[in-house]
Amino acid sequence: MSVTVLLFASYADALGAPSVSVELPADATVADVLADITRRPGWGRRPTTPLVAVNQRYASRTTRIREGDEVALIPPVAGG
Amino acid sequence: MTATGVLTRDAVDPSALVRQVSAPMHGAVLLFLGVVRDVNDGRGVTGIEYSAYEAMAAAELQAIAEEAAALVDDVDVAIVHRLGALAQEEASVGIAVAHAHRDEAYRVSRFVIEELKRRVPIWKREHYVDGTRDWVDPSGRPVAEVSP
């Protein structure tokens, strides 16, 4: 399946786009998404385990990804 | 009781926040404003650009308001976080808390700002007096540099 991964702030700058498409096996987890993204040129020395949200909730590396899920990489937050 | 957390692109209105939480039962009304200051980490700051994962940030702000309201009985909580380009001395966040007594109001207000900084997906890019700009991480350390 193909999943769109949302990128924000410094991560969007690093990969030069507000989102990227990732090809995943049917039983994929957050860890598979991270393995793909953090190997891309431009990711550089950014963390290999950034925070991830699935359907607008913080997820763990073992969270399953299903077709149509909204997946987002969350850079270090700096609100306030 | 009120428990609201929202994003806005307009200026934070302190009086409106206070009105949202005020009630005859409340003897303590506490207003916290987070404001753009002129220096961060030794660098002169001219302004800050705030952006967010808007749908999730709005949901987290609302969740924090509701968790805060559950900390003590009979408390009103209103949170607003601004997005967009802010100049020095403009408020990026406003938190109003009202309770019968001050101890509870201070406790709830502190909970809200600490949770907001810990988990709401909002980012800021500081603009410096030398024309450069940087994304800021929670410790205040720049994470990426972009030429003007």
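Use the structure listed above.
In this report, we go over the structure that sits alongside the text. (Residues numbered from 1 in each chain as written. Chains lettered and ligands numbered in written order. Predicted model: local features only at pLDDT ≥ 70, side-chain atom pairs only at ≥ 80, totals over all residues.)

## Structural notes on the overall build of chain A
Scanning chain A from N- to C-terminus turns up two helices and five strands. By the compact-globule yardstick of 12 Å for 80 residues, chain A fits well, its C-alpha radius of gyration being 12 Å. (Helix = DSSP H or I, 4+ residues; strand = E, 2+ residues; numbered from the N terminus. Rg over C-alpha atoms; globule rule 2.2 N^0.38 Å.)

## Looking at the overall build of chain B
Check the secondary structure of chain B and you find three helices and ten strands. Start at the N end of chain B and walk to the C end: the helices and strands fall as β-α-β-β-β-α-β-β-β-α-β-β-β. Here chain B has a C-alpha radius of gyration of 16 Å; the compact-globule value for 148 residues is 15 Å, and the two agree. Summarising its shape, the C-alpha atoms of chain B cover approximately 50 × 25 × 25 Å along the three principal directions. Out of the 148 residues in chain B, the part that is buried amounts to 36%. Once local pairs closer than 6 in sequence are excluded, the contacts in chain B between residues at least 24 apart make up 70%. (Buried ≥ 20, exposed ≤ 12 C-beta atoms within 10 Å, placed from the backbone. Contact = placed C-beta atoms within 7 Å.)

## Examining the sheet that holds strand β7 (residues 91–99) of chain B
Residues and elements named next belong to chain B. Read from one edge of the open sheet, four strands run β1-β5-β7-β2, paired in mixed fashion. Single-partner strands in this sheet number two, and they are β1 (3–8) and β2 (28–35). Between one strand and the next, the sheet's axes are offset by a mean angle of 10°, whatever the strand orientation. Together, β1 and β5 (76–82) form the strand contacts of helix α2 (residues 54–69), whose direction differs from that of β1 by roughly 155°. Strands β2, β5 and β7 of the sheet are contacted by helix α3 (residues 102–119), whose axis makes an angle of about 150° with β7. (Pairing = 2+ DSSP bridges. Axes fitted to C-alpha atoms, helices over the stretch in contact; angles between N-to-C directions.)

## Some thoughts on helix α2 (residues 30–37) of chain A
Of the positions making up α2(A), those classed as buried are A:Val30, A:Val33 and A:Ile37. One side of α2(A) carries all its buried residues, which in axial view fall inside an arc of 60°. (Arc of directions from axis to C-beta.)

## With respect to the interface of chain B and chain A
Facing 25 residues of chain B, the contacting portion of chain A comprises 16 residues. For the side of chain B that touches chain A, the elements supplying multiple residues, two or more each, are α2, β7, α3, β8 (122–128), β9 (133–136) and β10 (142–146) of chain B. When residues in the side of chain B that touches chain A are grouped by element, the largest group, four residues, is from α3(B). Tallied by class, the residues present in the side of chain B that touches chain A amount to 17 nonpolar, four polar and four charged. (Nonpolar A, V, L, I, M, F, W, Y, C, P; charged D, E, K, R; others polar.)

## Thoughts on the environment of B:Leu61
Residue and element names in this part refer to chain B. Relative to the helices and strands, Leu61 resides in helix α2. Each C-alpha atom of the pair Leu61 and Thr4 lies 7.7 Å from the other, and the pair is 57 residues apart in sequence. Setting aside anything within four residues of it in sequence, one finds Leu61 in contact with Gly5, Val6, Leu7, Ile79, His81 and Val120.

## A word on the pairing of strand β4 (residues 43–52) of chain B
The two faces of a sheet get side chains in turn, since along a regular strand they alternate between them. All names here are of chain B. Relative to β4, strand β3 (residues 39–40) is paired through two bridges, and the arrangement is antiparallel. Looking across to β4, one finds that Val39 is bridged to Gly44. Here β3 hands over to β4 after two residues, with Asp41 in that stretch at a positive phi of 55°. With seven bridges joining them, β4 and β8 adopt antiparallel strand pairing. Bridge pairing in β8 places Glu49 opposite Arg125. The pairing of β4 with strand β6 (residues 84–87) spans four bridges and is antiparallel. From the neighbouring strand, Gly47 faces β6, where its bridge partner is Ala87.

## Notes on the sheet that holds strand β3 (residues 51–54) of chain A
All names here are of chain A. Strand order in the open sheet made by the five strands is β2-β1-β5-β3-β4, with mixed pairing throughout. With one partner strand each, in any of the chains shown, β2 (19–23) and β4 (57–59) form the two edges of the open sheet. This sheet shows a mean twist of 35° between the axes of neighbouring strands, independent of strand direction. As paired elements, β3 and β4 share three bridges and run antiparallel to each other. Along β4, the bridge assignment pairs Ala53 with Tyr58.

## Comments concerning the environment of B:Trp123
If you trace the backbone, B:Trp123 turns up in strand β8. Under the C-beta neighbour-count criterion, B:Trp123 is labelled buried, with 26 such atoms within 10 Å. Separated by 57 residues in the primary sequence, B:Trp123 and B:Glu66 have C-alpha atoms spaced 23 Å apart. Ignoring anything within four residues of it in the chain, the contact list for B:Trp123 reads A:Phe8, A:Ala9, A:Pro75, A:Val77, A:Ala78, B:Ser51 and B:Trp135.

Nothing here speaks to function; it is geometry throughout.
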